[in-house]
Amino acid sequence: MHIDPLEKKWAQISLGICALFVGIIMLDALFHSVNAPSNVETINSATLHLSEEFAEDNLGVEVDDDGNIIVRMVAGRYSFFPKKITVPADTKITFRWVSIDVVHGVHIPMTNMSTMIIPGFVAEVESSFPKPGDYPVLCNEYCGLGHDHMWSKIDVLEKDKWRALQTSSKGVAK
Ligand code: CUA
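About the cut-offs
- Residues numbered from 1 in each chain as written.
- Predicted model: local features only at pLDDT ≥ 70, side-chain atom pairs only at ≥ 80, totals over all residues.
- Heavy atoms only, no water.
- Core = buried A, V, L, I, M, F, W, Y, C linked by side-chain atoms within 4.5 Å.
- Buried < 20%, exposed > 50% of the residue type's maximum accessible area, 1.4 Å probe, protein only.
- Helix = DSSP H or I, 4+ residues; strand = E, 2+ residues; numbered from the N terminus.
- Contact = heavy atoms within 4.5 Å.
- Domains from an automatic or database assignment.
- Polar contact = N/O pair within 3.5 Å; in protein donor to acceptor, adjacent residues only side chain to side chain.

**Overview of the nonpolar core**
Reasoning step 1: F80, F95, W97, I108, F129 and I154 are the most contacted members of the largest nonpolar core, which totals 27 residues.
Reasoning step 2: With four residues, the top contributor of residues to this core is strand β2 (residues 69-76).
Reasoning step 3: Every residue in contact with F95, bar those within four places of it in the chain, is listed here: V71, I85, M113, A123, E124, V125, S127, F129 and I154.
Reasoning step 4: Core analysis: the next-biggest nonpolar cluster, separate from the first, contains six residues, L59, V74, V98 and V122 among them.

**Side note on the domain arrangement of the protein chain**
Reasoning step 1: Domain parsing of the protein chain yields domain 1 (1-35) and domain 2 (41-168).
Reasoning step 2: Distance from the C-alpha centre of domain 1 to the C-alpha centre of domain 2: 39 Å.

**Observations concerning the environment of E41**
Reasoning step 1: As for its position among the elements, E41 is in the loop between α1 (5-31) and β1 (60-63).
Reasoning step 2: Overall, the relative accessible area of 26% leaves E41 in the partly exposed class.
Reasoning step 3: When the C-alpha positions of E41 and R72 are compared, they lie 14 Å apart, and in sequence the two are 31 residues distant.
Reasoning step 4: Those residues in contact with E41 that sit more than four places away from it in its chain are R96, G120, F121, V122 and E124.
Reasoning step 5: Engagement of the side chain of E41 in a polar contact is seen with the side chain of R96, the distance being 2.7 Å.

This is the structure:
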């Protein structure tokens, strides 16, 4: 079979470009922890509020017996609940996100937080906040007319300040 040399050259260039892109993606996956969510955990979105874990009283920040910080958040048109939480800076935090209605996304600038929140699944992402301040929590999947207004806030305090706040509120309220 005859292949025109010029055609052959173009075919080689196209394949070369494909190989280059695949290579870049693989390197990124290896060195920058760019990966698909691996936590496949299902939950019934229609009965979230009756579930143990995502009942209203259990949302927000929880510190378990080992001192791990877990944050449970619910996304629903058009906000993230609770509206505002307070966490320490420079500390590993496990976020667990669920949706009560449609597909939402969550993006927190300056952190690695960027994931879809799909009804029926728990999106678990480990994250940390580099320094104290107010961090916006933005929806980045189109979810309806109010999508542009779907955001909330995370208040990040210095570790010591946050810990002091925790101890002072212990025993008073959850
Ligand atoms: Cu929720 Cu866009």
